[in-house]
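# Summary of structural features
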Amino acid sequence: MAHMTELVIDTPRWAVPLLSPSRYKGIHGGRGSGKSHERAEALIERCIMERTFAVCIREVQKSLAQSVKKLLELKIEAMGVGRLFEVQQTCIKAPNGGLIIFQGMQNHTADSIKSLEGYDIAWVEEAQSLSQRSLDLLRPTIRKPGSELWFTWNPSQSTDPVDALLRGESPPPDAIVVQANYRDNPWLPDVLKGELEYDRSRDPDKFAHIWLGEYQRNSEARVFRNWRVEDFETPAGVTFRMGADFGFSIDPSVLVRCYIDGHNLYIDHEAWQVGCEINNLPALFMSVPESERWPLTADSARPETISYLRNHGFPKILSAVKGARSVEEGVEFLKSFDIIVHPRCQHVIDELTLYSFEVDPLTEQVLPKLADKNNHCIDALRYACEGARRAMATKVVRKVRPPLQVRSWAA
């Protein structure tokens, strides 16, 4: 008689409605909710229970590192079912002849999307970025009887296609949509508890959007629109630019590493910690690769901190040059690039999302004044690019004079 192994999956209360079959399943909410972890476990369970063909989708996926493949691999190991799955370089072979693949919708056309017609499940992660074109291609393609469309996302705007579909006035009749935030996660890590408390105490708007999954407020006030998140490999031989902003007790200390390539500004590493004591700053900053080897421009308001770092592993640290309109000029310089942020730089991503101009509380009109919040990483990035900004702003003017005329005098 074959021995039967029991697989126990701890399920958060908010996910119970999703255990029932439904054409559409949506989970929206803020960071730390465990949305992706729950869906990864649900997909693994489904593959074990019956033969399943699943596609994990993002709007843009230039590499597998941007997909949920690694998360699924970790869940397979943690659940103790590795003997049932075969993890390959580009896909995961599931029990009973099933398969899990990973694709970006922007790579599909109306013809190529037909390759997914026989799939049972399409899981769209980061669904707030899904375009209307992609949604219109995907919905009729996943057409197998009993097939399901899963969406997990942190809401951005009520007009985003996934929100209009699943949270609008007329959602599909066969849809289960739930909200999940950090409060609903019984396994919330302590490190996230510290970060959310910082945002709660300092920036209610950021806290509401990032942690409670509320829509962004007054998107017209956003400063940066010239950026995207993309997994990339930093090439050899680039000139790194380092910038640091120092925290004051409950503020974060930040180090950002970036490099410029033509019209692109790449941000590939960050260090970020609230309440970092001065004697712990060197270790924090050295978590960014090669930070001690390159010139580092730091907030000049803390000369004693700069001196300490200069004597503790950062001999090339410099003070930022501040002056009238230095903030505005620095921000405009950053806006002149296409900014590409590596996914691991989560705090840079948060600030590029939320950094904004002030808004008149009475008229709600956007004012020509930068708000002094969500700017610790932005300040560090300005400092990092300060030398390049000044060099590119310097103009060399050469005056060309006409040749001298020689007069001859008749005797």
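Figured I'd write up the structure that's included with this text.

The rules we used
Residues numbered from 1 in each chain as written. Predicted model: local features only at pLDDT ≥ 70, side-chain atom pairs only at ≥ 80, totals over all residues. Heavy atoms only, no water. Phe/Tyr/Trp six-rings, centres within 6.5 Å; stacked < 30°, edge-to-face > 60°. Helix = DSSP H or I, 4+ residues; strand = E, 2+ residues; numbered from the N terminus. Buried < 20%, exposed > 50% of the residue type's maximum accessible area, 1.4 Å probe, protein only. Lys NZ or Arg CZ within 6 Å of the ring centre and 35° of its normal. Pairing = 2+ DSSP bridges. Arc of directions from axis to C-beta. Contact = heavy atoms within 4.5 Å. Core = buried A, V, L, I, M, F, W, Y, C linked by side-chain atoms within 4.5 Å.

Enumeration according to the criterion identifies 13 aromatic pairs in this entry. Between Tyr182 and Trp211, the ring centres sit 6.5 Å apart and the planes meet at 90 degrees, which makes this aromatic pair edge-to-face. Taken together, the positions of Tyr182 in the loop between strand E8 (175-179) and helix H5 (190-202) and Trp211 in the loop between helix H6 (204-210) and strand E9 (227-229) put the pair 29 residues apart, joining distant regions of the chain. When sorted by exposure, Tyr182 lands in the same class as Trp211, which is buried. Between Phe285 and Phe314 the ring centres are 6.2 Å apart and the planes differ by 85 degrees, which places this aromatic pair in the edge-to-face class. Here the residue Phe285 occupies a position in helix H7 (residues 281-285), and Phe314 occupies one in the loop between helix H8 (303-310) and strand E14 (317-319), the gap between them amounting to 29 residues. Pairwise contacts between aromatic rings join Phe232, Phe240, Tyr259, Tyr266 and Trp294 into one cluster. Residue placement shows Arg39 over the ring face of Trp150; its charged tip is 4.3 Å from the ring centre. Taking the ring centre of Phe240 as reference, the NZ or CZ of Arg257 above it sits at 3.7 Å.

The next point concerns the sheet that holds strand E3 (residues 86-87). Across the sheet, eight strands lie side by side as E3-E4-E5-E2-E6-E7-E1-E8; this open sheet has mixed pairing. Since the sheet does not close on itself, it has two edges, and those belong to E3 and E8, each with one partner. Relative to strand E7 (residues 148-153), strand E1 (residues 24-28) is paired through five bridges, and the arrangement is parallel. The residue of E7 that forms the bridge with Gly26 is Phe151.

Turning to helix H2 (residues 69-78), its buried residues number three or more, namely Lys69, Leu71, Leu72, Lys75 and Ile76. The buried residues of H2 occupy one face: seen down the axis, they fall within an arc of 160 degrees. Seen from the buried face of H2, the exposed residues on the opposite side, beyond 90 degrees, are Lys70, Glu77 and Ala78. Close packing links the buried residues of H2 with helix H1 (35-49), strand E2 (53-58), E3, strand E4 (92-93) and strand E5 (99-104).

The next subject is the nonpolar core. Core analysis: the biggest nonpolar cluster contains 29 residues, and Phe224, Leu265, Ile267, Ile339, Val341, Val348 and Leu352 have the highest contact counts within it. Taken together, the elements giving at least two residues each to this core come down to strand E11 (252-261), strand E12 (264-274), helix H9 (326-335), strand E15 (338-341), helix H10 (346-354) and helix H11 (376-384). Here the element with the most residues in this core is H11; it accounts for five residues. The contact partners of Val341, leaving out residues within four places of it in the chain, are Trp227, Arg228, Val229, Glu230, Phe232, Ile267, Val348, Ile349 and Leu352. Of all hydrophobic cores here, the second largest spans 25 residues; its members include Tyr24, Cys91, Leu99 and Ala127.

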